Amino acid sequence: MNPGCIILACTLLVGASWGSKAGQPPRPPCRPGFSQNFYTVIVSRDVLHGHSILKDTTLSSERVKFEDCQHSREVGFVSSDPSFSVRPDGTVYAEQEVANLSEPVQFMVTAQSLHDPHIWETTVKLALAGHPHPLPHSKISIEEMLSRVWDSQPRVIRFSRRHQRGASSGGLRRQKRDWVIPPVNVAENSRGPFPHTLVRIRSDQDKDVGIRYSITGAGADQPPSGIYSIDPISGNMFVTQPLDREERASFHLRAHAVDMNGNQVENPIDLYIYVIDMNDNRPEFQNQVYNGSVAEGSKPGSSVMQVTATDSDDSTTANGMVRYRILSQTPHSPIPNMFTINSETGDIVTVAAGLDREKVSQYTIIVQATDMEGNLNFGLSNTATALISITDINDNPPELTVRTFSGEVPENKVEVVVTNLTVVDRDQPHSPNWNAIYRIISGDPSGHFTIRTNPITNEGMLTVVKPVDYEMNRAFMLTVVVSNQAHLASGIQSSLQSTAGVTISVQDVNEPPVFPVNPKVIRFEEGVPAGTTLTVFAAQDPDHFTPQIVRYSKLSDPANWLKINKTNGQITTMAQLDRESVYVKKNVYEATFLAFDNGKSGSPQASGTGTLQIYLIDVNDNAPVLVPQEAQVCEHARPNSRINITALDADADPNVGPFVFELVSFPANVRRNWTIARLSGDYAQLKLRISYLEAGVYEIPIIVSDSGNPPLSNRSVNQSSKVCPCDSNGDCSATGAVAAAGLGTGAIIAILICIIILLSMVLLFVVWMKRREKERQAKPLLIDPEDDVRDNILKYDEEGGGEEDQDYDLSQLQQPESLEHIINKPTGVRRVDERPVIAESQYPVRPSLPHPGDIGDFINDGLRAADNDPTAPPYDSLLVFDYEGSGSTAGSVSSLNSTSSGDQDYDYLNDWGPRFKKLADLYGGGDDD
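Summary of the structure given here. (Residues numbered from 1 in each chain as written. Predicted model: local features only at pLDDT ≥ 70, side-chain atom pairs only at ≥ 80, totals over all residues. Heavy atoms only, no water.)

Some details on the overall build of the chain
Within the chain, the regular secondary structure consists of 9 helices and 50 strands. Partitioning the contacts of the chain with sequence separation of at least 6, the portion at a separation of at least 24 is 67%. Here the chain has roughly 55100 Å² of accessible surface; of this, 53% comes from carbon and sulfur atoms. (Helix = DSSP H or I, 4+ residues; strand = E, 2+ residues; numbered from the N terminus. Contact = heavy atoms within 4.5 Å. Areas by Shrake-Rupley, 256 points an atom, 1.4 Å probe, with all protein chains shown as cover.)

Side note on the sheet that holds strand β40 (residues 570-573)
Strand order in the open sheet formed by 3 strands is β37-β40-β39, with antiparallel pairing between adjacent strands. Two strands in the sheet have a free side with no partner beyond their single neighbour: β37 (533-536) and β39 (562-564). Each strand of the sheet is rotated relative to its neighbour by a mean of 20 degrees, with strand direction disregarded. As paired strands, β37 and β40 are joined by 3 bridges and run antiparallel to one another. Paired with Val536 across the strands is Gln570, a residue of β40. (Pairing = 2+ DSSP bridges. Axes fitted to C-alpha atoms, helices over the stretch in contact; angles between N-to-C directions.)

Focus on the sheet that holds strand β34 (residues 475-484)
Taken together, the 4 strands give an open sheet; going across it, the order is β28-β35-β34-β31, and neighbouring strands pair in mixed fashion. The open sheet has two free edges, formed respectively by β28 (404-410) and β31 (436-442), since each of these has just one partner strand. Ignoring which end each strand starts from, the neighbouring axes of this sheet average 30 degrees apart. Pairing of β28 with strand β35 (residues 499-507) involves 7 bridges; the strand directions are parallel. From the neighbouring strand, Val409 faces β35, where its bridge partner is Val506.

Considerations on the state of the cysteines
By definition, a disulfide links two cysteine residues through a covalent bond between their sulfur atoms. Going through the model one piece at a time under the given rule, you end up with 1 disulfide. The partner cysteine of Cys634 in its disulfide is Cys726, sulfur to sulfur 1.9 Å. Measuring handedness by torsion sign, the sulfur bridge of Cys634 and Cys726 sits at about -105 degrees and is left-handed. Taken together, the positions of Cys634 in strand β44 (residues 630-634) and Cys726 in the loop between β50 (713-724) and α5 (734-740) put the pair 92 residues apart, joining distant regions of the chain. (Disulfide = S-S within 2.5 Å.)

A word on the pattern of salt bridges
Proximity of charged atoms lets side chains of opposite charge pair with each other. The tally for this structure, following the rule as stated, stands at 11 salt bridges. When the shortest N-O distance is used, the salt bridge between Arg248 and Glu121 registers 3.9 Å. Of this pair, Arg248 sits in the loop between β15 (236-239) and β16 (250-258) while Glu121 sits in strand β9 (residues 119-128), and the two are 127 residues apart along the sequence. Looking at Arg248, the relative accessible area reads 27%, which means it is partly exposed. Given a relative accessible area of 23%, Glu121 falls into the partly exposed group. Close ionic contact of Arg323 with Glu373 constitutes a salt bridge, the shortest N to O distance being 3.8 Å. Of this pair, Arg323 sits in strand β22 (residues 323-330) while Glu373 sits in the loop between β25 (362-370) and β26 (381-391), and the two are 50 residues apart along the sequence. The residues Arg323 and Glu373 share a single accessibility class, namely buried. (Salt bridge = Lys/Arg side-chain N within 4 Å of Asp/Glu carboxyl O. Buried < 20%, exposed > 50% of the residue type's maximum accessible area, 1.4 Å probe, protein only.)

Section: the side chain of Glu511
Its location among the elements puts Glu511 in the loop between β35 and β36 (520-525). Its relative accessible area of 6% is what places Glu511 among the buried residues. Within polar-contact distance, the side chain of Glu511 engages the side chain of Asn412 at 2.6 Å. Filtering out sequence-adjacent residues up to four positions away, Glu511 remains in contact with Glu411, Asn412, Asp469, Glu471, Asp541, Pro542, Asp543, Asp597 and Ala606. (Polar contact = N/O pair within 3.5 Å; in protein donor to acceptor, adjacent residues only side chain to side chain.)

Comments concerning the nonpolar core
By size, the foremost hydrophobic cluster in this structure holds 27 residues, and its most contacted members are Ile201, Ile215, Tyr228, Met237, Leu253, Leu271 and Ile273. Breaking this core down by element, the ones donating at least two residues are β11 (184-187), β12 (196-202), β13 (212-217), β14 (228-230), β15, β16 and β17 (269-276). Dropping the residues within four chain positions of it, Met237 is found in contact with His196, Thr197, Leu198, Val199, Ile215, Tyr228, Ser229, Ile230, Leu253, Leu271 and Ile273. Counting 25 residues, the second-largest nonpolar core is a separate cluster that includes Tyr39, Val41, Leu101 and Ala111. (Core = buried A, V, L, I, M, F, W, Y, C linked by side-chain atoms within 4.5 Å.)

Topic: the packing of aromatic side chains
To describe a pair of aromatic rings, you give the distance between the ring centres and the angle between the ring planes. Scanning the entire structure with this criterion turns up 15 aromatic pairs. Their ring planes at 85 degrees and their centres at 6.1 Å tell us that Phe66 and Phe77 sit as a pair that is edge-to-face. Placement of the pair is Phe66 in strand β4 (residues 66-67) and Phe77 in strand β5 (residues 75-79), with a sequence separation of 11 residues. When the centroid spacing of 6.3 Å and the interplanar angle of 70 degrees are considered together, the rings of Phe285 and Tyr290 count as edge-to-face. A residue is classified by how much of its surface remains accessible, and Phe285, at 7% relative accessible area, is buried. For Tyr290, a relative accessible area of 7% puts it in the buried group. Connected via pairs of aromatic rings, a cluster forms that spans Phe34, Phe66, Phe77 and Trp120. (Phe/Tyr/Trp six-rings, centres within 6.5 Å; stacked < 30°, edge-to-face > 60°.)

Things to note about helix α8 (residues 855-867)
The end-to-end C-alpha distance of α8 is 19 Å, a good match for the 18 Å that 13 residues give at a rise of 1.5 Å each. Turning to α8, its buried residues number three or more, namely Phe858, Gly862 and Ala865. Considered in projection along α8, the buried side chains sweep an arc of 60 degrees and stay on one side of the axis. (Expected span 1.5 Å × (residues − 1). Arc of directions from axis to C-beta.)

Remarks on unusual backbone geometry
With an omega of -5 degrees, the peptide bond running from Pro223 to Pro224 counts as cis. At Asn189, a position not held by glycine, the phi torsion is positive, near 60 degrees. With respect to the helices, strands and loops of the structure, Asn189 is situated in the loop between β11 and β12. Asn189 sits in the partly exposed class, given a relative accessible area of 31%. Its identity as a non-glycine residue notwithstanding, His430 has a phi of 60 degrees, on the positive side. By the secondary structure assignment, His430 is in the loop between β30 (423-424) and β31.

Some thoughts on a nonpolar patch on the surface
A surface patch of nonpolar side chains, amounting to about 610 Å² of accessible area, comprises Leu758, Val762, Phe765, Val766, Trp768 and Met769. Looking at the element boundaries, Val762 is found in helix α6 (residues 745-777). (Patch = residues over 30% accessible without salt bridge, like charges linked within 9 Å, V, L, I, M, F, W, Y side chains within 5 Å.)

Taken by themselves, the reported measurements are silent on function.
This is the structure in C-alpha cells:
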C-alpha cells in the first residue's frame, strides 16, 4: 500500500479524535487567508430573470470570507471564470449576463493585497437551490476520506457527455460545464514512490478515435513546472515529487483531449488539486526572549505580557493550532506558580498575590508552544524565555535611622551644614519612590535652616541659610519629617520613624562692632573752618555677654579733611570743606572709618567699617569767569564783527546766573572803543563801538557778577581781543594776523630777509650739485691713470731660497729702489719681462663732446690700439727666471713637467670642476689641436 496514503489516513484519524475530545475548537491566532479551501454558494431561484441571471446581480447572501488580520490592507479578488466574480465584501455576483445556471459551476478565486506579494486561493462552487451538489472537502466524512485514500485504483475523470453529443451533431462549440469536478487531494511530504498516480482522465470517444491527453497550468507546463504529468495515451495523471503545502497549497490545472491530428475533441476540464497538510512544522516564537513587567503588589489576574508563536502548518487544522503552557518559573518565591498563561492567546497573567520587588525583582519563565492543539503525544513543541521584571511601587516609606539628631553651628555663618540626617528606604534607589524630601515642621519660625537632599546618598543636609545670633538664640529644637518624591502606594501608611528631632547648639564668636546707622548722612555748609566738630560716629559691640572696649580709626579720607576720636568716635575737621573739590561727588563727600574691639579670650580682634556721608551745602565762594579768554575781531566795524563770551561759575544754584556783564570805567578808552551787551543769563556779546580800530591785541577789563546773596563779582577778568584786517568774507588775513600778534615793521622785514637768504643757499647748493654731475659725465670713458695697475710692479715679501740657491743674487727678484742699475746693467743680464723702452703707440683721442653713437666705435678703436701696443702689459716675451739649483729634497711642484716625448692627455682637467674649465679648453680636445 502507498506509504503516503497511510500517513494521510493516520493524520486524519488523529485530528478527528483530538477534535472530538476538545469539543468546540477555540479561535486560533489570526492568520491571513480564506476561511475555507472550498465554498459552496447556493443561488436562490429568486435571482433568476427567466432562466438567466442579469449582470451585477448578487447571487446569494453567503460570502467568501477572507481574514486580513490587520483590517487595513486593501485585498482584491480575481475569479478564474469571467462570468462570476467576488466583491471586496465577499459577496458573489454575476460579472456578466449568464444565460443558464441549471448545472453547478465551479471556479477558483485568487486574493492578493496591494502591498503584499503573497497570493491566497480558494474554490467556489455555485449551484441553484434544490440542485444536488457534493459536500465540500471540509465536510467530507472521515470514513469517506479514508476510503478514497486507501482506494488503490485511481479515480476516473470523464469529459462531459453532453459535449460529445453536441460535437457529433453540430461540430465543436463552447458548452457550459454540466458538472463540477471534485478537487483532488494530495498529502504533502509523501515519500513516494514517484511518479505517483493521482487520477485518470478519460474521454468516451477514445473507443472511436485515438485520443491524446495533456494538462496545462502552474505545476504542469508553467512554473513550478514538472510537478504533475500525464500519460498522453492512458490519461493517467501523476505527481512526480513530494509536495510542500507551505510553499503552495493548491494547484489549478486544465485537462485537454485531442485526436491524432491535434484537433480538440473535448472541452478542457478544470482540475483543482489541494495539498493536504501534514504536521511537519514546529511552532516558532517571534522572539527567543520576551521582556515584560508587572508592578509589585499586583492583584491576581493582572496582565503581564504576551508571547506569540506561529506555525506554518494549516491553521484550520490541528496541525497549525498552537497552545501555550508554562514549563518552569524561577525563583519559586513566594510560590512556584505565580503566573499562568492563556493556552490560546499566550497572555501571561498573575494568579497569586505576593509580588514584592524588594524580595524578588525578576522572574524567569520558560514557555512552551505545542501544535496539534497542545497534544504533547502528537504535537511538535518549541520553547521561549519570558523575563518578568517586578516594577517598584512606593510601598516602603522612608525611615530616619535615629529619633534625635544633634549639631552645632557658629553664629553669623551661612551655608554651613549643621548635621546629616540619614534615612533608610527599601524602594528602588534613585527613583521617585526612593528620593527623600525633608521638611522642618517646627522649631524654626524665622527660617534660619533648610534641609537639602544629597542626590547620591539620599541623606538630608541640614544647612544654615540665615545667620543665627548667639545673643538671641543659643539653641534650636527642630522637628523634621521625611517623605518620598512620589506618594505612597494605596493602603501604605507613613512610618513613625519618618519623624525625628534635631538639637542645634549655637556657638558664640567674637562679633565685630556694628555702626547703628551705616552709612550715616549729615549736612554742613562748605567752608566750615578746621577744628569744627561734625558728629559722633560711634559703634556698638554685639557681644552683650562679654563687654569689650571699642576703638576707632580712619580708614578712607580722600581729601584728608577729617579726623576721628579713637575712644568716642567724634568726627572733627582738619581742613576747610570745599564743595567744589574733585573729591566731592554730587555734593556728597564720603569717608569710611574702622571700629574694632580688644578681642575675647582666645579670639582675635574683630572690626567693622562705617561710612560717613557729608552733604555739603553750597555757599557763594567762587567768582564767575569768562570763556573764551582770547578772540578776534575785524579792525573795521561790521555787522558780523563781534565776540560772544560765556560766564562760568563753580558754585551751584542760586549762586550762579543770571550774570551781570559791564565794562570798567577806567581807562576811559575801554568804554569809548568797546561795548558789551548781555544776550541771556550766561551769555554776552562784545563788539566795537567805533568804526575803525588799529590792528593789535587789546586787553579789555570786564566785570562779571553772579546772582548770589550777596553777589560775588570778578573785577580782574581781562578779555584778550585781537583786532586784525579782514578779507571780504570777514576773516582775518595772514598779514593782519601777524600784525595783530604785535610784530612791528622792522621785525617783519628781518623775517623776510632771513627767508630770502635761506632760499638763496638752497639754490646755490642745487646749482653746485648739477655742475658736479655734469663734470662726472664729462670724464673720459677709460679709467684714470692713477687707477691703472698695469705699469706698477707689485712688491711681495721675500720668501727665501732653496737648499742650493744661497750663492745667487736675490736682488734680481726684488723691486729696485731706482732705475739706475737697470740702465747700467749689461746687455746679457737684462730682464726681458720689463717694459720695452720704445716709443709708445698713439691711442685715439676722445672728442670733447662725443655723440652717443660714437661710444662703441671709440671703445673698439682703443681696444685695437692696446692689442698692437708692445709696451702695454702683459708683455709678449719669454720670461727668464733665475736658476735655484738642483737636487732639492722636495719634489717637483710643476704639474706640467713631463719627460714623455709623446703627446700629453689633459682630458682629466674636465673632471676637476669649473675652476679648471679654462685649462681644459686650452689643453684638452685631443685631435682638435
